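Each chain, letter by letter, is given below.
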Amino acid sequence: MVSSSQTVETTIAIALVNPKSPVAIDADACSLAADLNSERAKRGVPPLTRDAALDRIAYAKGVDMAARGYFGHTDPAGVTFADRMRAAHWATAYVAENIAFDRDEPHANAAFVNSPGHYANMIDPNERRLGVAVVTVGHGETFYVQVFSGN
């Protein structure tokens, strides 16, 4: 099952204010992963293990959105989440992706928790591994990406 990206979606163009080159914020990625596993613990669901390959997939998505000024699971050329996972040679039998554009990690995490579809991905007991990236282009203009895998 490929979750949160099965339907055709419209990509949202973002007018970034004074954008800089995309920069990863590793501390926020660690916080986002910890917050996610805290939510899983509240539900009695085992924690997810960070996966370096999934981190790279999440980072590539964050950088792509930041560099091209868009927000969406599907890029402006029509490349979908499932397409990206296949290109990375990742088994797409059970994967999901959460993305957010927010000012800081606590707000992005709250957005995920308060969105039924995103939260379902976060607490899905079939998920085993996690990739996380946080990429910013300037103050308060930050992309948050979570990639989940049942492998």
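Because the structure is a prediction, the values reported are computed rather than measured.

1. Overview of the pattern of salt bridges
This model, assessed by the stated rule, comprises 7 salt bridges. Measuring nitrogen to oxygen at the nearest pair gives 2.7 Å for the salt bridge that ties D51 to R129. Linking D51 in the loop between β4 (49-50) and α2 (52-68) with R129 in strand β7 (residues 129-136), this pair joins segments that are 78 residues apart in sequence. For D51, a relative accessible area of 11% gives the class buried. Put simply, R84 and E97 hold a salt bridge, and the shortest N to O gap is 2.9 Å.

2. With respect to the pairing of strand β8 (residues 142-149)
β8 sits mainly inside the fold: 8 of its 8 residues count as buried. Going residue by residue along β8, you find T142, Y144, Q146 and F148 tucked away on one face and F143, V145, V147 and S149 tucked away on the opposite face as well. Sheet topology places strand β6 (residues 95-102) next to β8; 8 bridges connect them, and they run antiparallel. Looking across to β8, one finds that E97 is bridged to V147. In this sheet, β8 lies alongside β7 in antiparallel orientation, the contact comprising 8 bridges. Bridging from a neighbouring strand, R129 pairs with S149 of β8. What sits between β7 and β8 in their antiparallel hairpin is a turn of 5 residues, with G138 showing a positive phi close to 155 degrees.

3. Points about the nonpolar core
One finds M65, M85 and V147 to be the most contacted residues of the largest nonpolar core, which totals 20 residues. Those elements that provide at least two residues to this core are α2, β5 (70-71), α3 (81-87), β6, β7 and β8. When residues of this core are assigned to their parent elements, the largest contribution, 5 residues, is made by α2. When neighbours within four sequence positions are excluded, M65 is seen to be in contact with Y70, F71, G72, I99, F143 and V145. Core analysis: the next-biggest nonpolar cluster, separate from the first, contains 17 residues, L32, L48, Y119 and V132 among them.

4. Describing the side chain of H73
As for its placement among the helices and strands, H73 is situated in the loop between β5 and α3. Separated by 2.6 Å, the side chains of H73 and E97 make a polar contact.

5. Notes on the pairing of β7
Successive residues of a regular strand alternate their side chains across the two faces of the sheet. The element β7 is extensively covered by neighbouring structure, given that 7 of its 8 residues are classed as buried. Where strand β3 (residues 23-24) and β7 come together, 2 bridges link them in antiparallel fashion. Looking across to β7, one finds that V23 is bridged to T136. As defined by bridge partners, β4 adjoins β7 across 2 bridges and the pair is classed as parallel. What sits directly across from R50, in β7, is L130.

6. Looking at the packing of aromatic side chains
Taken as a whole and judged by the stated rule, the model has 1 aromatic pair. Measuring from ring centre to ring centre gives 4.8 Å for F101 and F143, while their planes differ by 50 degrees; the resulting arrangement is tilted. Remark: F143 occurs in strand β8 and F101 occurs in strand β6; sequence separation between them is 42 residues. Classification of F143 as buried rests on a relative accessible area of 0%.

Cut-off values and rules
Residues numbered from 1 in each chain as written. Predicted model: local features only at pLDDT ≥ 70, side-chain atom pairs only at ≥ 80, totals over all residues. Heavy atoms only, no water. Salt bridge = Lys/Arg side-chain N within 4 Å of Asp/Glu carboxyl O. Helix = DSSP H or I, 4+ residues; strand = E, 2+ residues; numbered from the N terminus. Buried < 20%, exposed > 50% of the residue type's maximum accessible area, 1.4 Å probe, protein only. Pairing = 2+ DSSP bridges. Core = buried A, V, L, I, M, F, W, Y, C linked by side-chain atoms within 4.5 Å. Contact = heavy atoms within 4.5 Å. Polar contact = N/O pair within 3.5 Å; in protein donor to acceptor, adjacent residues only side chain to side chain. Phe/Tyr/Trp six-rings, centres within 6.5 Å; stacked < 30°, edge-to-face > 60°.

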